[in-house]
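# Observations on the three-dimensional arrangement
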Amino acid sequence: FSYDKTKDAGQSDDLYMGIITFQNVLISGRDAVISGYQGNCNVFARHSYVNLSNNIPLVTAWEIMDATIEDNPMWMTYIPEGDTTSFGGSVGNDRNGNDALLIPNPRSDNAGFDSAILLCGYASDNYFHFITEVLPSLVVMRNRIKDILKQQQTGAKDVVVVPNLQNEFVEGFLRLLLPEAFDDEGKLSPKIVRWGPWKNSGGGSGATYSSSTHPIAYTKRLATVMWDQPKVAPSPLNGPAHCLTPKPLIQAMRRVVLKSVDSPPTSDMSKRIIYCSRSSSSTRRLAEEEELLSRLRAIASKEGAELIVFEKQAASDATAPSPLAAVINAIQLFQSATVVVGVHGASLANIAFSRIGTTIVELGHGIPQAGHYLHLAQSLELKYVGIRLRPNSRSFGATEVSLPEGGVDKIANAVMEGLKRAERMDGGDEL
């Protein structure tokens, strides 16, 4: 492979950021792991947290490399997660009579792509990873992507691989940052390849490359953005870091997104408290939410502020806005925030669009692997306040989380200080 340092996002003195180009590789799995073909057995994953056995084809035994059925090249592997549609395959038997997955050779019958720009990676269908990893990659390679979308010839198989549109925020941000990806009727360009599981028929045609959670494709040439991960979580957490995109890339993404919003809100002096609720989520629902909301309402009333409860709206809701409108609404809402409060979760990724100096109050786990929003806040010059939740053995996977004694008071104090600090900034005291 080869690489070029990106000029679009600036550089850090100690972290590499750039565009890496590969030749003759496979993309496979939900996390779009890159691997060499046949004899070139190298594997390239964006994060060390990727489960390789669920993302790349693995043979059941060393002596079984290829099998031929009716003269069609097939690969024989174990069945990841019991998904018998993995890699476009079907269940068969290995030489020992054990169940195995028979996979069509990705290079057979002129399959695959001539060139691909890869925007997918680790957990790209998660909103946090989409905002902090997919969007910076899109911003860095946006001109290259636009060049592909302008191509008129149908013979060349040059594509852009994006997370599937089962999550409407993917479509919303594509419409915002790459309107060229849609035709006049709103249909997705066939040069956009939707990667991974697909559950609805919206968003236009495009190309859904396998509805399986384990897709696979071969490409002669692949370009993707790569960066070094900080080894240590931001202070005061310290310890091993987890999925932290370098500051210059985060800042570049924010600039481009805000510039792409047609009608950004005017600079008003209104005070807004945004509470990110997880009441309808399957994990990390806050036990004291009603008590906390009662305190926040009282603070808002006393301080002349507006309290907004932000919660993801189901796409099936008849009143739900279009994907593009939903994205713009979220960007403008968080851009207008004075204080943002919430339990560690994807909605907090919207602080990427908040104004410099906005106070962020995260109710979190206080461990290095949960430093995502502390890092995001520090990268964008936001005021971060961390409130520790009660220890829970299930951590991120807990159905319900709770505050320690006095936790609601600590949050209320942080919100009050955030409102007062905004007043001082508006008055020039902290400029």
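Residues numbered from 1 in each chain as written. Predicted model: local features only at pLDDT ≥ 70, side-chain atom pairs only at ≥ 80, totals over all residues. Heavy atoms only, no water.

A count of helical and extended segments in the chain gives eight helices and 20 strands. Taking all 431 residues of the chain together, 53% fall into the buried category. Long-range pairs, those at least 24 residues apart, make up 66% of the contacts in the chain between residues at least 6 apart in sequence. Here the chain has roughly 19700 Å² of accessible surface; of this, 48% comes from carbon and sulfur atoms. (Helix = DSSP H or I, 4+ residues; strand = E, 2+ residues; numbered from the N terminus. Buried < 20%, exposed > 50% of the residue type's maximum accessible area, 1.4 Å probe, protein only. Contact = heavy atoms within 4.5 Å. Areas by Shrake-Rupley, 256 points an atom, 1.4 Å probe, with all protein chains shown as cover.)

With 64 residues, the main nonpolar core has Ile131, Phe173 and Phe353 as its most contacted residues. Of the residues forming this core, the biggest block, nine residues, is contributed by helix α1 (residues 127-140). Once residues lying within four places of it in the same chain are set aside, the contact partners of Phe173 are Tyr127, Phe130, Ile131, Leu135, Leu178, Val257, Val327, Ile331 and Phe353. Counting 25 residues, the second largest nonpolar core, distinct from the first, contains Leu286, Leu363, Ile387 and Ala398. (Core = buried A, V, L, I, M, F, W, Y, C linked by side-chain atoms within 4.5 Å.)

By the secondary structure assignment, Ser35 is in strand β3 (residues 33-36). For Ser35, a relative accessible area of 8% translates into the label buried.

Between two packed helices, what matters for the description is the angle formed by their axes and the separation of those axes. In contact at an axis separation of 9 Å, α1 and helix α4 (residues 247-260) are set at 70 degrees when each is read in the N-to-C sense. The orientation of α1 with respect to α4, classified from their angle, is roughly perpendicular. Contacts from Ile131, Thr132, Leu135, Pro136, Val139 and Val140 of α1 reach α4 at Leu249, Ile250, Ala252, Met253, Val256 and Val257. (Axes fitted to C-alpha atoms, helices over the stretch in contact; angles between N-to-C directions. Parallel < 35°, antiparallel > 145°, perpendicular 65-115°, else oblique.)

Our focus in this paragraph is the pattern of salt bridges. According to the stated counting rule, one finds 10 salt bridges in the structure shown. Two residues, Glu171 and Arg175, come together in a salt bridge whose shortest N-O distance is 2.8 Å. Linking Glu171 with Arg175, this pair stays in helix α3 (residues 168-177), spanning four residues, or about one helical turn. You can call Arg175 partly exposed: its relative accessible area is 23%. Ionic pairing is found between Glu306 and Arg272, a salt bridge with its closest N-O pair at 3.2 Å. In this pair, Glu306 is assigned in strand β16 (residues 306-310) and Arg272 in strand β14 (residues 272-276), connecting sequence segments 34 residues apart. Judged by relative accessible area, which is 39%, Glu306 ranks as partly exposed. Residue classification places Arg272 among the buried residues on the basis of a relative accessible area of 15%. (Salt bridge = Lys/Arg side-chain N within 4 Å of Asp/Glu carboxyl O.)

Along an α-helix, a turn takes 3.6 residues, which lines up residues three or four apart on a common side. Burial in helix α2 (residues 142-150) covers these residues: Arg142, Ile145, Ile148 and Leu149. The buried side chains of α2 occupy one side of the element, clustering within an arc of 120 degrees when seen end-on. Away from the buried face of α2 by more than 90 degrees, exposed residues Asn143 and Lys150 are located. (Arc of directions from axis to C-beta.)

The next thing to look at is the packing of aromatic side chains. In the structure shown here, the tally under the stated rule is eight aromatic pairs. Relative to Tyr373, the ring of Phe128 has its centre 5.4 Å away and its plane inclined at 75 degrees; by these criteria the two rings are edge-to-face. Separated by 245 residues along the polypeptide, Phe128 in helix α1 and Tyr373 in helix α7 (residues 372-379) bring together distant segments of the chain. On the basis of relative accessibility, which here comes to 6%, the residue Phe128 falls in the buried class. The interplanar angle of 85 degrees and the centroid separation of 5.1 Å between the aromatic rings of Phe310 and Phe334 together place this pair among those described as edge-to-face. Note that Phe310 is positioned in strand β16 and Phe334 in helix α6 (residues 323-335), a separation of 24 residues in sequence. The same class applies to Phe310 as to Phe334, namely buried. These aromatic residues form a ring-pair network of at least three members: Tyr127, Phe130, Phe169, Phe173 and Phe353. The residue whose ring lies beneath Arg175 is Phe182, and the NZ or CZ to ring-centre distance is 3.8 Å. (Phe/Tyr/Trp six-rings, centres within 6.5 Å; stacked < 30°, edge-to-face > 60°. Lys NZ or Arg CZ within 6 Å of the ring centre and 35° of its normal.)

By themselves, these figures tell us nothing about what the structure is for.
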